[in-house]
Amino acid sequence: FETAQKLLKRIQRLDPSAKWVKLALEDAKHGNLINEIEARRAAKDSATVESLYRQLLLIAPNIPEYYLRAGLFQHNIKQYQKAIDIYLKGLQVDPKNSDLYAALGLVYLSKKNAALAQQAFSDALKFNSHNPDALAGLGSVAILNTNLAEADRYILQSLAIDPKNIVALSSLGNLRMIQK
């Protein structure tokens, strides 16, 4: 760990804006806990995973990526309100985090709340106009609002940035089915 930490600090000096460096250091620091989360998730032990994520957020409360991971876990097991609460706490830590806003929008979309989803996606784009999840999310909102031309535009913008974006590909499939 110490050798890795020294190497990553050198890299960070070369490129201080590299967020991945800080995250790699944090992941190394909390490696045992993160490994336990992954093992428990693989074992489908949701209660323990939730508890471990709470522990991770208590010992590393200033790492937005950890809020993204914890929120995504809750979203995937359809605990939407818990996911929303986690993302909102993450936004208190980093109020300009485009990824947290986009993730929040995706949860609102899962809850079929188009208005809150649209607001979250729009907020995400304020901080990163090239966020593919936010663009794809706005495409999904446009589908819900039956604005198919707007949906097509947002989805294709998202795919131009990230051709493998799952949200955009899923939305594009839905859009093409509606258009037939």
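So, how was this worked out
Residues numbered from 1 in each chain as written. Predicted model: local features only at pLDDT ≥ 70, side-chain atom pairs only at ≥ 80, totals over all residues. Heavy atoms only, no water. Core = buried A, V, L, I, M, F, W, Y, C linked by side-chain atoms within 4.5 Å. Buried < 20%, exposed > 50% of the residue type's maximum accessible area, 1.4 Å probe, protein only. Contact = heavy atoms within 4.5 Å. Helix = DSSP H or I, 4+ residues; strand = E, 2+ residues; numbered from the N terminus. Polar contact = N/O pair within 3.5 Å; in protein donor to acceptor, adjacent residues only side chain to side chain. Expected span 1.5 Å × (residues − 1). Axes fitted to C-alpha atoms, helices over the stretch in contact; angles between N-to-C directions. Parallel < 35°, antiparallel > 145°, perpendicular 65-115°, else oblique. Left-handed = near helix turned anticlockwise from the far one by under 90°. Nonpolar A, V, L, I, M, F, W, Y, C, P; charged D, E, K, R; others polar. Phe/Tyr/Trp six-rings, centres within 6.5 Å; stacked < 30°, edge-to-face > 60°. Lys NZ or Arg CZ within 6 Å of the ring centre and 35° of its normal.

1. Here's the deal with the nonpolar core
Then step 1. Counting residues in each nonpolar core, the largest one holds 51 residues, and the members touching the most others are Tyr66, Tyr87, Phe121 and Ile155.
Then step 2. Aside from chain neighbours lying at most four places away, what touches Tyr87 is Tyr67, Leu68, Gly71, Leu72, Leu100, Ala103, Leu104 and Val107.

2. Thoughts on the side chain of Asn131
Then step 1. Positionally, Asn131 belongs in the loop between helix H8 (114-127) and helix H9 (132-144).
Then step 2. A distance of 3.0 Å separates the side chain of Asn131 from the backbone nitrogen of Asp133, its partner in a polar contact.
Then step 3. Polar contacts involving the side chain of Asn131 include one to the main-chain amide nitrogen of Ala134, which spans 3.0 Å.
Then step 4. Setting aside chain neighbours within four positions, we find Asn131 in contact with Ser98, Asp99, Ala102, Ala124 and Leu125.

3. Things to note about H8
Then step 1. Helix length check: H8 (14 residues) gives 20 Å between terminal C-alpha atoms against 20 Å at 1.5 Å per residue, within 8%.
Then step 2. By the burial criterion, the buried members of H8 are Ala114, Ala117, Ala120, Phe121, Asp123, Ala124 and Leu125.
Then step 3. For H8, the secondary structure elements touched by its buried residues are helix H7 (98-110) and H9.

4. Considerations on the environment of Tyr66
Then step 1. Topologically, Tyr66 is positioned in helix H5 (residues 64-76).
Then step 2. Separated by ten residues in the primary sequence, Tyr66 and Leu56 place their C-alpha atoms 7.6 Å from one another.
Then step 3. Here the side chain of Tyr66 touches Asp27 through a polar contact of 2.8 Å, side chain to side chain.

5. Remarks on the environment of Asn147
Then step 1. For Asn147, the position within the fold is in the loop between H9 and helix H10 (148-161).
Then step 2. In terms of polar contacts, Asn147 uses its side chain to reach the backbone amide nitrogen of Glu150, at 3.2 Å.

6. A few points about the packing of H10 against helix H11 (residues 166-179)
Then step 1. Between H10 and H11, the least distance of the axes is 10 Å, while the angle of their chain directions is 150°. Overall, the two elements H10 and H11 adopt an arrangement that is roughly antiparallel. The two elements H10 and H11 meet at a crossing, and its hand is left-handed. Residues Leu148, Ala151, Asp152, Ile155, Leu156, Ser158 and Leu159 of H10 lie in contact with H11, whose contacting residues are Ala168, Leu169, Ser171, Leu172, Leu175, Arg176, Ile178 and Gln179.
Then step 2. Partitioned by chemical class, the residues of the contact of H10 with H11 number ten nonpolar, three polar and two charged.

7. Quick notes on the side chain of His30
Then step 1. With respect to the element layout, His30 can be found in the loop between helix H2 (19-29) and helix H3 (31-42).
Then step 2. Owing to a relative accessible area of 10%, His30 belongs among the buried residues under this scheme.
Then step 3. Setting aside its immediate chain neighbours within four residues, His30 contacts Leu56, Ile59, Ala60 and Tyr66.

8. Observations regarding the packing of H3 against helix H4 (residues 46-59)
Then step 1. Look at H3 against H4: their axes get within 9 Å of each other, and the N-to-C directions meet at 160°. Here H3 is positioned roughly antiparallel relative to H4, judged by the angle of their axes. Once H3 is placed against H4, the crossing between them reads as left-handed. Contact with H3, carried on its side by Leu33, Ile34, Glu36, Ile37, Glu38, Arg40 and Arg41, involves Thr48, Val49, Leu52, Tyr53, Gln55, Leu56 and Ile59 of H4 and no other residues of that element.
Then step 2. Tallied by class, the residues present in the contact of H3 with H4 amount to eight nonpolar, two polar and four charged.

9. Focus on the packing of aromatic side chains
Then step 1. Tallied over the entire structure, the rule returns two aromatic pairs.
Then step 2. Pairing Tyr53 with Phe73 gives two aromatic rings, centres 6.1 Å apart and planes at 40°, and the pair type is tilted. With Tyr53 in helix H4 and Phe73 in helix H5, this pair connects stretches of sequence that are 20 residues apart. Here Tyr53 and Phe73 have matching classes, each one buried.
Then step 3. Here the aromatic rings of Tyr101 and Phe127 are separated by 5.8 Å at their centres, their planes lie at 15°, and the arrangement is stacked. With Tyr101 in helix H7 and Phe127 in helix H8, the pair connects residues that are 26 residues apart, well separated along the chain.
Then step 4. When its relative accessible area of 15% is taken as the criterion, Tyr101 is described as buried.
Then step 5. Above the plane of the ring of Tyr154 lies Arg153, whose end atom (NZ or CZ) is 4.6 Å from the centre.

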